[in-house]
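Each chain is listed here by its residues.
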Amino acid sequence: MGEVIQARCESFGPRRDGLEPQFIVLHYTAMESAEAALERLCDPVVEVSAHYLIGEDGRVWQMVDEALRAWHAGAGSWRGLDDINSRSIGIELANRGDHPFSEPQMAALEVLMGGIMARWSIGPEDVIGHSCMAPGRKIDPGPRFDWHRLARRGLAVWPDVGAARDVDAVRFREAALAYGFPDVPDDLLVQAVRLRFRPWGCGALGGEDMAVAEALAAQSV
């Protein structure tokens, strides 16, 4: 990762109630270019922002100081906590959502995340996607994002998933909520867990989903 480029952004404020960052929330921009995303994120009329934006070529822009509250997460919750904006650092990745994330971009993300996690004592279990905290409302960073790669570098969680299990919708819900996912309707909960841990999944709740749930339950103990 090269030098971080400072970009002027007016959409931010103090973190509420003395809160400090305890999560990292990853997003994609769903726009054609990093420059287009930067223009939008720095437009005060839009009233949206993030702490960082990473371009496909690996360039990194900082728009909001880490100690301040950027407006990237919106409504949602994680581990039963709300106001995720006050509890997190938001990183936007320039990506339309329908193609893989580039190598320079992922490499820059790893370096950036490593520094943030060290500065704020954020563990790999506290790195989430926008889709994790806002099921049904958001799907980013989407099914093309390589969570497994981050996990191999100690920057995210990827559970050791065993063989398919018998389907038990109640058990699935209990495990997902215990791990941190919000209390949302069953179909949205399944979608959120799949986006994070098995984005190739489709259809009704299945044995492979249950295997993920059992792995999450083991990590939640």
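Structure: see above.
Notes on the structure follow. What you see is a predicted model; the values in this text were computed from it and never measured.

**Description of the pattern of salt bridges**
Enumeration over the complete set of coordinates arrives at 16 salt bridges. Residue R119 is joined to E66 by a salt bridge in which the shortest nitrogen-to-oxygen separation is 2.7 Å. Of this pair, R119 sits in helix α3 (residues 103-120) while E66 sits in the loop between β5 (60-62) and β6 (69-70), and the two are 53 residues apart along the sequence. In the salt-bridge network here, residues are joined through shared partners; they are E103, E110, R149 and R153.

**Some points on helix α7 (residues 186-197)**
Since the α-helix turns once every 3.6 residues, residues separated by three or four places project in the same direction. With twelve residues, α7 extends 16 Å from end C-alpha to end C-alpha; this agrees with the ideal 16 Å at 1.5 Å per step. Buried residues of α7: L189, V190, A192, V193, R194, L195, R196 and F197, and no others. Of the surrounding elements, those touching the buried residues of α7 are β8 (127-129), α4 (130-133), α5 (147-152), α6 (169-179) and α8 (207-220).

**A few points about the environment of L81**
Following the sequence through the fold, L81 ends up in the loop between β6 and α2 (84-87). By relative accessible area, L81 is classed as partly exposed at 25%. For the pair formed by L81 and P182, sequence separation is 101 residues and the distance between their alpha carbons is 9.1 Å. Apart from the residues within four sequence positions on either side, L81 is in contact with Q22, F23, G76 and R87.

**So, the nonpolar core**
Within the largest apolar cluster, 26 residues are counted, with the highest numbers of intra-cluster contacts made by W78, F181 and V193. When residues of this core are traced back to their parent elements, those giving at least two are β3 (23-28), α4, α6, α7 and α8. Among all residues touching F181, those that are not within four sequence positions of it are W78, C132, A176, L189, A192, V193, R196, F197 and L216.

About the cut-offs
Residues numbered from 1 in each chain as written. Predicted model: local features only at pLDDT ≥ 70, side-chain atom pairs only at ≥ 80, totals over all residues. Heavy atoms only, no water. Salt bridge = Lys/Arg side-chain N within 4 Å of Asp/Glu carboxyl O. Helix = DSSP H or I, 4+ residues; strand = E, 2+ residues; numbered from the N terminus. Expected span 1.5 Å × (residues − 1). Buried < 20%, exposed > 50% of the residue type's maximum accessible area, 1.4 Å probe, protein only. Contact = heavy atoms within 4.5 Å. Core = buried A, V, L, I, M, F, W, Y, C linked by side-chain atoms within 4.5 Å.

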